[in-house]
Amino acid sequence: MNTELINRVFKVAETEPKSVEHLLLKLMEEVGEASQAYLSTSQASGSSYKELSQQDFQEELVDSLLVVLTLIKRSGISEADLEALMNKKMDKWEAKQAK
């Protein structure tokens, strides 16, 4: 994902009227919708009637990501601190994967 796109998301996030509490609830809703779409695409018991596609799953994941990015922006973290924290977390994740 390029910096221009992230900055675009952050700019729109600045005008988002929802409170942090509402955004956290929205995140749970979007993750639930992504889960439903995944279960439907994998034909899990009781989920196939929804007839959701891989594209539906991907769209719900992007919706979830947009809410997360909005929450990150609202947290007040600077771009430099966000980059440092992302690198720290990636280093930790990569180290776990290497084991």
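All of the points below concern the structure found in this document. (Residues numbered from 1 in each chain as written. Predicted model: local features only at pLDDT ≥ 70, side-chain atom pairs only at ≥ 80, totals over all residues. Heavy atoms only, no water.)

**Digging into the overall build of the protein chain**
Helix and strand content of the protein chain: 4 helices and 0 strands. Taking 2.2 N^0.38 as the reference for a compact globule, 99 residues should give roughly 13 Å; the C-alpha atoms of the protein chain span a radius of gyration of 16 Å, well beyond that estimate. Once the C-alpha set of the protein chain is aligned to its principal axes, its extents read approximately 45 × 45 × 25 Å. Buried positions account for 18% of the 99 residues belonging to the protein chain. (Helix = DSSP H or I, 4+ residues; strand = E, 2+ residues; numbered from the N terminus. Rg over C-alpha atoms; globule rule 2.2 N^0.38 Å. Buried < 20%, exposed > 50% of the residue type's maximum accessible area, 1.4 Å probe, protein only.)

**Overview of the pattern of salt bridges**
Close approach of charged atoms allows side chains with opposite charge to pair. The tally for this structure, following the rule as stated, stands at 4 salt bridges. The shortest N-O distance in the salt bridge between K73 and E14 comes to 3.3 Å. Placement of K73 in helix α3 (residues 54-74) and of E14 in the loop between α1 (3-13) and α2 (20-41) is noted, with a sequence separation of 59 residues between them. With its nearest N and O atoms 3.4 Å apart, the salt bridge here joins K26 to E30. Taken together, the residues K26 and E30, both in helix α2 and 4 residues apart, mark about one turn of the helix. Given the relative accessible area of 5%, E30 is considered buried. The structure contains a network of salt bridges with shared partners spanning K26, E29 and E30. (Salt bridge = Lys/Arg side-chain N within 4 Å of Asp/Glu carboxyl O.)

**Looking at a positive patch on the surface**
Among the surface-exposed residues, K88, K89, K92, K96 and K99 lie close enough to one another that they form a single positively charged patch. Inspection of the secondary structure puts K96 in helix α4 (residues 79-98). (Patch = residues over 30% accessible without salt bridge, like charges linked within 9 Å, V, L, I, M, F, W, Y side chains within 5 Å. Areas by Shrake-Rupley, 256 points an atom, 1.4 Å probe, with all protein chains shown as cover. Lys, Arg positive; Asp, Glu negative; His and termini not counted. Charge placed at Lys NZ, Arg CZ, Asp CG, Glu CD.)

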